[in-house]
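Coordinate inspection notes
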Amino acid sequence: MGKTTTAVNLVACIGSLGFKTLIVDIDPQGNATSGLGLNKREVKLSSYDVIINGAKARDVIVSTEYKNVDILPANMNLAGAELELVDGDRREARLKNALSVVKADYDFIFFDCPPALGLITLNALCASDTVLVPIQCEYYALEGLSQLMSTVRQVKRLYNPHIEMEGVLLTMYDGRLNLTQQVVTEVKRFFPQKVYSSVIPRNVRLSEAPSFGQPVYYYDRASRGSDAYMELALEFLRMNKKK
């Protein structure tokens, strides 16, 4: 329960609060696409076409059934995009250039990145103002975090001097476990002032919602998972001076 769960549910909550949002699915697994009710096997044009074939973002963006939420969907074609990008011209800026024409249509644009730190993720980092990092309260998550931060520093130096850390979100949170407390302490030491006070608990309804193609706010508004993501959305908006 990490990046895609957070991307889908945060976007849905922010949209429900009246802000126009776009989620760009650039993970070949396309879980954000299916998590918002689209059949990824039926997606004709996807983020692959935008990044590799120069398709116009506006032709690929789809409105979802959820309030104020649009998606630029993904499908399996994206799996080969890393290799196709290797020799590409201005390969790191494809996504940024494509989205520049729709940027003004939205209050917020979120990227759901692949798990690997490759050229597709590099495209997202070059197009972003900030990075929001969901981290599971497990020991190995800390190792991945330091690798990610090293990549972000490199991107800032070479490609995108404006990129900053938005915040770190603790997920799979269980305050009764010693390990959880250790991870929290370590993350706060690493990122003072950047850890959200909202945390995402382990929650059955949160795990069930994607199989119904729904964000948890629409699947079960009374659940702990829905409450947690709404709390995060409000905190995120306050930090971005929108609430």
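Let us look at the structure shown here. (Residues numbered from 1 in each chain as written. Predicted model: local features only at pLDDT ≥ 70, side-chain atom pairs only at ≥ 80, totals over all residues. Heavy atoms only, no water.)

**Some points on the nonpolar core**
Put simply, the test is: Throughout, nonpolar core names a set of buried Ala, Val, Leu, Ile, Met, Phe, Trp, Tyr and Cys residues whose side chains join them through atoms within 4.5 Å. Exposed residues in this analysis have more than 50% of their type's maximum accessible area, buried residues have under 20%, and partly exposed residues fall in between, with area computed by a 1.4 Å probe over protein chains only. Starting at the N terminus, helices and strands are each numbered in turn, a helix being any DSSP run of H or I of at least four residues and a strand any DSSP run of E of at least two. Whether two residues touch is decided by their heavy atoms; if any such pair falls within 4.5 Å, the residues are in contact.
The biggest cluster of nonpolar side chains holds 46 residues, and the ones touching the most others in it are Ile26 and Leu99. A total of six residues in this core trace back to one element, the largest contributor, which is helix H7 (residues 119-127). Those residues in contact with isoleucine 26, other than ones at most four positions away along the chain, are Ser47, Ile51, Leu78, Leu95, Asp112, Cys113, Pro114, Ile120 and Ala124. Among the nonpolar cores identified, the runner-up in size contains 31 residues, and Cys13, Val69, Phe110 and Phe236 belong to it.

**What about the pattern of salt bridges?**
Selection criterion: The salt bridge definition used is simple: a Lys or Arg side-chain nitrogen within 4 Å of an Asp or Glu carboxyl oxygen.
By the definition in use, this model includes nine salt bridges. Lysine 156 serves as the salt-bridge partner of glutamate 164, at 2.8 Å between the closest nitrogen and oxygen. Since its relative accessible area comes to 30%, lysine 156 is described here as partly exposed. Between glutamate 208 and arginine 205 there is a salt bridge; the shortest N-O distance is 2.7 Å.

**Brief notes about the sheet that holds strand S2 (residues 62-63)**
Stated formally: Each pair of strands is called paired provided DSSP finds at least two bridges between the two strands. Axis lines are fitted to C-alpha atoms, over the contacting stretch for helices. Their N-to-C directions set the angle, which ranges from 0 to 180 degrees.
Taken together, four strands build an open sheet; the order of strands is S2-S3-S1-S4 and the sheet is mixed. Pairing within the sheet leaves two strands with one partner each, and these edge strands are S2 and strand S4 (108-112). Sitting on the sheet, helix H1 (residues 3-16) is in contact with strand S1 (21-25), strand S3 (69-72) and S4, with an inclination near 160° to S4.

**Section: the pairing of S1**
Residues in a regular strand point their side chains to alternate faces of the sheet. Buried residues dominate S1, accounting for five of its five residues. Side chains Thr21, Ile23 and Asp25 of S1 all project onto a buried face; the interleaved residues Leu22 and Val24 project onto the opposite face, where all are buried too. The pairing of S1 with S3 spans four bridges and is classified as parallel. By the bridge assignment, leucine 22 is partnered in S3 with aspartate 70. Where S1 meets S4, five bridges bridge the pair, whose relative direction is parallel. Paired with leucine 22 across the two strands is isoleucine 109, which belongs to S4.

**Points about the environment of valine 199**
Inspection of the secondary structure assignment puts valine 199 in strand S7 (residues 195-201). Along the primary structure valine 199 and valine 69 are separated by 130 residues, whereas in three dimensions their C-alpha atoms are 23 Å apart. In contact with valine 199, other than residues within four places in its own chain, are Leu170, Tyr173 and Ala228.

**Regarding the side chain of threonine 64**
We apply this condition: Counting of polar contacts relies on pairs of N or O atoms within 3.5 Å, with two restrictions inside protein: one atom must be capable of donating a hydrogen and the other of accepting it, and residues adjacent in sequence are counted only when both atoms are side-chain atoms.
You can see threonine 64 is positioned in the loop between S2 and S3. The exposure class of threonine 64 is buried, given its relative accessible area of 13%. A distance of 3.1 Å separates the side chain of threonine 64 from the backbone nitrogen of tyrosine 66, its partner in a polar contact. Within the local environment of threonine 64, its side chain forms a polar contact with the backbone oxygen of valine 69, the two atoms lying 2.7 Å apart.

**What to know about the packing of aromatic side chains**
Rule in force here: Aromatic contacts are taken between Phe, Tyr and Trp rings whose centres are within 6.5 Å, Trp giving its six-membered ring; a plane angle under 30 degrees counts as stacked, one over 60 as edge-to-face, and the others as tilted. Note on criteria: charge over ring means Lys NZ or Arg CZ within 6 Å of the ring centre, with the direction from the centre no more than 35 degrees off the ring normal.
Evaluated as defined, the whole model comprises eight aromatic pairs. Measuring from ring centre to ring centre gives 4.7 Å for tyrosine 66 and tyrosine 218, while their planes differ by 45°; the resulting arrangement is tilted. Of this pair, tyrosine 66 sits in the loop between S2 and S3 while tyrosine 218 sits in helix H11 (residues 216-219), and the two are 152 residues apart along the sequence. Ring pairs connect the aromatic residues Phe19, Phe108, Phe110 and Phe236, which therefore count as one cluster. Above the plane of the ring of tyrosine 218 lies arginine 221, whose end atom (NZ or CZ) is 5.9 Å from the centre.

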